Amino acid sequence: MEKVAVVATLMAMVVCGSLMETAIAAVYTVGDSSGWTTIGNVDYKQWAAIKTFKVGDTIVFTYNKQFHNVMQVKHADYRSCNASAPIATHSTGNDSIVIKTYGHHFYMCAVPGHCQAGQKVDINVERDSSTMAPSPSISDPPTSSFLPSPSSAPTSSASSKPNSVGKATSSTILRFTLGLAIAMFVGIV
């Protein structure tokens, strides 16, 4: 009977660990307290630059729907402020958009002159670096590509994104939880 309880506990841990990615997702209000507007010279490029967006996060556009809207557009249309071929259009005044893919997501206000005045934002969702490249095996010696040259200064994306320092990623938490579950299972069986 004790083994059944242990197996049930381990299964619950695995399920909870896999659900953590959803629970860890952040919600970002575009422009913070200023919202989505042309008033106040909000720098949306700077706003997005200090955020670390992940798949599963939600971006919220809050605005007066009589004066603004939100269009998701392709990169070329974003650069030229062309609203003639949107990927998606939002116009409720309180639009929540869940980020479902990696890469750049371009949004702009399609009211004439607003995009040109800076009411546009590039939400860049980078892949989690811990899942991008496989770890070298123990038998593989380090190569020069893993070692920085003495003349190059170290770089870090975390230094330009202060809210990413010290954050555990959902994949790290999931791996830890699964490892703990396996360790407990192996120790008991």
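**Q** Sorry, what's going on with the pairing of strand S2 (residues 58-62) here?
**A** Where a strand is regular, its side chains alternate between the two sheet faces. Burial within S2 is extensive, with four of its five residues counted as buried. Considered for its hand, the β-α-β crossover made up of strand S1 (residues 27-29), helix H2 (residues 44-49) and S2 is right-handed. By the bridge criterion, five bridges tie S2 to strand S5 (residues 94-98) in an arrangement that is antiparallel. Looking at the pairing, Phe 61 lines up with Asp 95 of S5.

**Q** Got a minute to help me understand the state of the cysteines in this structure?
**A** Covalently bonding the sulfur atom of one cysteine to the sulfur atom of another cysteine gives a disulfide. Counted under the stated rule, the structure contains one disulfide. Note on cysteine connectivity: Cys 81 is disulfide-linked to Cys 115, with sulfurs 2.1 Å apart. Classification of the bridge connecting Cys 81 and Cys 115 rests on its S-S torsion, roughly -70°, and on that basis the disulfide is left-handed. Linking Cys 81 in the loop between helix H3 (75-80) and strand S4 (88-90) with Cys 115 in the loop between strand S6 (103-108) and strand S7 (120-125), this pair joins segments that are 34 residues apart in sequence. Using a relative accessible area of 16% as the deciding quantity, one classes Cys 81 as buried. Residue class for Cys 115 comes out buried when judged on its relative accessible area of 2%. Cys 109 carries a free sulfur, and the closest cysteine sulfur to it, the one in Cys 115, is 8.4 Å from it. Accessibility expressed as a relative area gives 1% for Cys 109, which makes it buried.

**Q** Sorry if this is basic, but what is going on with the sheet that holds strand S3 (residues 70-73) here?
**A** Backbone hydrogen bonds hold the strands of a sheet together, and the pairing may be parallel or antiparallel. Reading across the sheet, the four strands line up as S4-S3-S6-S7 and stay open at both edges, with antiparallel pairing between neighbours. The sheet terminates laterally at S4 and S7, the two strands that pair on one side only. Mean inter-strand twist for the sheet, computed between neighbouring axes without regard to direction, equals 25°. As judged from the six bridges shared by S6 and S7, these two strands associate in the antiparallel manner. Residue Gly 103 lies in a different strand from S7, and its bridge partner there is Val 125.

Reading guide: rules and limits
Residues numbered from 1 in each chain as written. Predicted model: local features only at pLDDT ≥ 70, side-chain atom pairs only at ≥ 80, totals over all residues. Heavy atoms only, no water. Buried < 20%, exposed > 50% of the residue type's maximum accessible area, 1.4 Å probe, protein only. Helix = DSSP H or I, 4+ residues; strand = E, 2+ residues; numbered from the N terminus. Right-handed = clockwise from strand over helix to strand, strands pointing away. Pairing = 2+ DSSP bridges. Disulfide = S-S within 2.5 Å. Axes fitted to C-alpha atoms, helices over the stretch in contact; angles between N-to-C directions.

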